[in-house]
Amino acid sequence: MVVLIKALQVILALSLLVVIHEFGHFLFARIFGIRVDKFFLFFDAGGVKLLSTKEGWFSRLFPKLKAKQTEYGIGWLPIGGYCKINGMVDESMDTDFIGTEPNPDEFRSHPAWQRFLVMFGGVFFNFILAILIYALIMGVWGKSYISNEGNAIYVNDLAYEMGFRSGDHILAFDDYVPENFATLQADLARRDVTKATVLRGTDTLDIYIDHAMLGQVLNSPDMFSLAVPFVVDSVMAGSPNMSAGIVSGDRIIAIDTVKVEFVQDAREILASHAGGEVEALMLRAADTLRVPLQVDSLGRIGVYMVFPGLQVKKYTALSAIPAGCEMAFETIGGYLRDLRLVASPSTQAYKSVGSFIAIGQVFPSAWDWYAFLQILALLSIMLGVMNLLPIPGLDGGHIVFILFEILTGRKPSDRFLMVMQMIGMFILLMLMFLAFGNDITRLLR
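Thresholds applied
Residues numbered from 1 in each chain as written. Predicted model: local features only at pLDDT ≥ 70, side-chain atom pairs only at ≥ 80, totals over all residues. Heavy atoms only, no water. Pairing = 2+ DSSP bridges. Helix = DSSP H or I, 4+ residues; strand = E, 2+ residues; numbered from the N terminus. Buried < 20%, exposed > 50% of the residue type's maximum accessible area, 1.4 Å probe, protein only. Polar contact = N/O pair within 3.5 Å; in protein donor to acceptor, adjacent residues only side chain to side chain. Contact = heavy atoms within 4.5 Å. 1 Å grid on protein atoms, 1.4 Å probe; cavity = no way out; pocket = protein on both sides within 12 Å on 5 of 7 lines; lining within 4 Å. Points joined across faces, edges and corners; volume = space filled by probe spheres on them. Nonpolar A, V, L, I, M, F, W, Y, C, P; charged D, E, K, R; others polar. pLDDT = per-residue confidence, 0-100. Axes fitted to C-alpha atoms, helices over the stretch in contact; angles between N-to-C directions. Parallel < 35°, antiparallel > 145°, perpendicular 65-115°, else oblique. Left-handed = near helix turned anticlockwise from the far one by under 90°. Phe/Tyr/Trp six-rings, centres within 6.5 Å; stacked < 30°, edge-to-face > 60°. Lys NZ or Arg CZ within 6 Å of the ring centre and 35° of its normal. Expected span 1.5 Å × (residues − 1).

Caption draft 1: Quick peek at the sheet that holds strand 15 (residues 287–294). On the basis of which strands lie adjacent, the open sheet formed by four strands has the order 13-12-14-15 and antiparallel pairing. Edge strands, defined here as strands with exactly one partner in the open sheet, are strand 13 (258–259) and strand 15. Here strand 12 (residues 251–255) pairs with strand 13 via two bridges, running antiparallel. From the neighbouring strand, A254 faces strand 13, where its bridge partner is K259.

Caption draft 2: Region of the structure containing unusual backbone geometry. In this structure, D222 takes a positive phi of about 55° despite not being glycine. Tracing the backbone through its elements, the reader meets D222 in the loop between helix 7 (214–218) and strand 10 (224–226). At T257, a position not held by glycine, the phi torsion is positive, near 70°. Mapping T257 onto the fold places it in the loop between strand 12 and strand 13. With relative accessibility at 76%, the residue T257 sits in the exposed group.

Caption draft 3: A look at the side chain of D296. Counting through the fold element by element, D296 comes out in the loop between strand 15 and strand 16 (303–305). At 2.9 Å, the side chain of D296 forms a polar contact with the backbone nitrogen of L298. Excluding anything up to four places from it in sequence, D296 contacts A274 and G275.

Caption draft 4: Layout of the layout of surface pockets. Its volume calculated, the second largest pocket comes out at about 180 Å³. Lining the second largest pocket are F230, M236, V263, A266, R267, L270, G299, R300, I301, G302, V303 and M305. For the lining of the second largest pocket, the elements supplying multiple residues, two or more each, are helix 8 (263–272) and strand 16. Classifying every residue of the lining of the second largest pocket by side-chain character gives eight nonpolar, two polar and two charged.

Caption draft 5: How the structure looks around the confidence of the model for the protein chain. Taken residue by residue, the protein chain gives an average pLDDT of 87. The fraction at 70 or more is 93%. By mean pLDDT, helix 10 (residues 356–362) is the weakest element of the protein chain at 66, and strand 7 (residues 169–173) is the strongest at 96.

Caption draft 6: Summary view of the packing of helix 4 (residues 112–140) against helix 12 (residues 395–408). Between helix 4 and helix 12, the shortest axis-to-axis distance is 9 Å and the interhelical angle comes to 160°. Considering the angle they form, helix 4 stands roughly antiparallel to helix 12. With respect to the hand of their crossing, helix 4 and helix 12 are arranged in left-handed fashion. Residues A112, R115, F116, M119, F120 and V123 of helix 4 pack against D395, H398, I399, I402, L403, E405 and I406 of helix 12. Here the residues of the contact of helix 4 with helix 12 sort into nine nonpolar, one polar and three charged.

Caption draft 7: Representation of empty space enclosed by the protein within the structure. On inspection of all chains with the given rule, the structure shows two cavities of 30 Å³ or more. Each pocket or cavity is described by its volume, and for the largest cavity that value is around 180 Å³. Lining the largest cavity are 15 residues, with F107, R115, H398, I402 and L417 sitting closest to its centre. If you list the elements that add at least two residues to the lining of the largest cavity, you get helix 4, helix 12 and helix 13 (414–444). Broken down by element, the lining of the largest cavity gets its largest block of residues, four residues, from helix 12. Partitioned by chemical class, the residues of the lining of the largest cavity number eight nonpolar, two polar and five charged.

Caption draft 8: Quick look at the packing of aromatic side chains. The final tally for this structure, using the stated rule, is 20 aromatic pairs. Relative to F416, the ring of F401 lies with its centre 5.7 Å away and its plane at 80°, an arrangement referred to as edge-to-face. Of the two residues, F401 sits in helix 12 while F416 sits in helix 13, which places them 15 residues apart along the sequence. Given the relative accessible area of 18%, F401 is considered buried. Ring pairs connect the aromatic residues F23, F26, F39, Y72, F116, F120, F124 and F125, which therefore count as one cluster. For the cation-ring pair, K38 lies above F40, with the distance from its terminal atom to the ring centre recorded as 5.0 Å. R165 extends its terminal NZ or CZ atom over the ring of Y160, reaching a point 3.6 Å from the ring centre.

Caption draft 9: Seen up close, the side chain of S15. Looking at the element boundaries, S15 is found in helix 1 (residues 2–31). Contact partners of S15, with chain neighbours within four places excluded, come to L41 and F42.

Caption draft 10: View of helix 1. A rise of 1.5 Å per residue sets the reference length of helix 1, with its 30 residues, at 44 Å; its end C-alpha atoms lie 43 Å apart and thus fit the reference within 8%. Where helix 1 ends, the next residue or the one after it, G33, has phi of about 75°, a positive value.

Caption draft 11: Region of interest: the environment of V118. Assignment of secondary structure puts V118 in helix 4. Judged by relative accessible area, which is 0%, V118 ranks as buried. V118 sits 90 residues away from F28 along the chain, and the two C-alpha atoms are 5.0 Å apart. If sequence neighbours within four positions are ignored, V118 has contacts with H25, F28, A29, F32, I34, I85 and F107.

Caption draft 12: Inspection of the sheet that holds strand 8 (residues 195–200) at higher detail. Strand order in the open sheet made by the three strands is 7-8-9, with antiparallel pairing throughout. Both outer strands of the open sheet, strand 7 and strand 9 (203–208), are each paired with one neighbouring strand and no more. Here the strands of the sheet are splayed against their neighbours by 25° on average, with no regard to which way each runs. Relative to strand 9, strand 8 runs antiparallel, the two being bridged by six bridges. Opposite R200, over in strand 9, you have D203 as the bridge partner.

Caption draft 13: View of the environment of F230. Along the chain, the position of F230 falls in the loop between strand 10 and strand 11 (232–235). The exposure class assigned to F230 is buried, which follows from its relative accessible area of 2%. Sequence separation between F230 and R251 is 21 residues, and the spatial gap between their C-alpha atoms is 5.7 Å. Residues contacting F230, with those up to four places away along its chain left out, are D250, R251, I252, I255, V260, E261, F262, V263, A266, I301 and M305.

Structure below.
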């Protein structure tokens with residue numbers, strides 16, 4: 001059931017993004033009077049179509065759509081979609097028009113600035129969608145995050161090897177002061193950090209970062225978890241320790257003589273005593289108490305901990321719009337820094353590249369509108385930025401050739417564009433193999 005829910009979310013999100021992206025191309029093409037032959041969700045490879053306004057049962061039910069200039073449909077190969085613009089060298093590899101005189105409604109007949117806007121339209125709509133989603137999130141839920149100020153990290157093996165210790169409070173990465181605790185690991189990787197300044201106890205220390213380890217940072221989950229002090233907030237209803245005398249504010253500092261400063265320190269100890277009993281050393285104001293506690297079969301003692309609260313910034317309907325713009329531009333900047341890392345082989349960040357499998361793992365196992373919209377906005381930005389890469393076959397490749405034409409006055413030939421399109425498709429195929437290979441490797445591990 002979980003797999004099904006995740007799969008449905010992936011299909012819905014990617015379908016929405018593809019339709020929005022291709023509609024950006026479609027709209028600008030129609031504004032300038034350029035003919036659009038096909039508008040398809042998914043690819044109709046081999047001419048196999050699940051739905052078409054030009055043929056089959058759908059065309060018989062809606063004959064007026066059949067008379068339309070553009071064929072709308074759904075293909076069988078779920079790896080994106082396309083908008084087939086007449087007289088344009090694209091992924092359809094249609095070569096019939098090469099060597100013929102262009103018609104007035106063909107893409108190649110129009111001025112370079114119009115063709116530029118047609119190609120930029122898809123990316124533009126992706127960014128607009130992200131801004132609208134973020135504005136909606138800000139207006140409905142506000143901006144929620146756990147503040148880095150006053151909170152400590154709980155480290156994994158990689159962070160320990162780099163010099164961080166559980167209980168450290170990260171003050172700065174070089175000159176940057178992080179605000180959001182959840183982005184500490186991403187900030188460390190993205191910002192090419194040389195030095196991390198931390199507060200350890202009462203001492204301020206500098207930790208110098210080995211850049212050769214950045215690849216591991218990108219592929220090491222939970223490098224900086226939130227260190228939760230073992231301070232009791234309340235006792236759960238039905239807890240085996242309802243009558244143990246625990247009160248709010250009690251701080252457990254040891255279990256069976258083993259020091260536990262944070263909740264994470266106690267997990268392994270409690271798991272080893274599942275179904276049994278432990279002796280907890282507690283601080284209550286100025287008193288130190290020894291309290292026997294029952295451990296349930298899941299290794300829990302049945303208490304809620306005092307957890308650092310979320311910082312929530314609320315927005316009005318009007319102020320949510322600039323906040324959504326700011327969030328979108330911050331996300332674009334962060335993703336561009338991620339791509340820079342991927343393009344640097346020394347960081348081994350290319351190992352973090354994923355496909356639909358990785359995307360599916362990001363979605364929650366139960367439907368959550370807040371999480372879905374957050375992921376949808378992020379994927380929209382990722383799709384927009386990826387399409388701006390100057391690779392033939394992507395929008396960015398077409399834009400580069402159009403800019404070359406604008407700057408030099410020389411228009412690349414259709415045959416040259418066709419060759420570059422084939423090269424670009426090969427590069428994209430290799431990137432796809434890399435993404436699927438990374439996902440399969442992670443699953444096997």
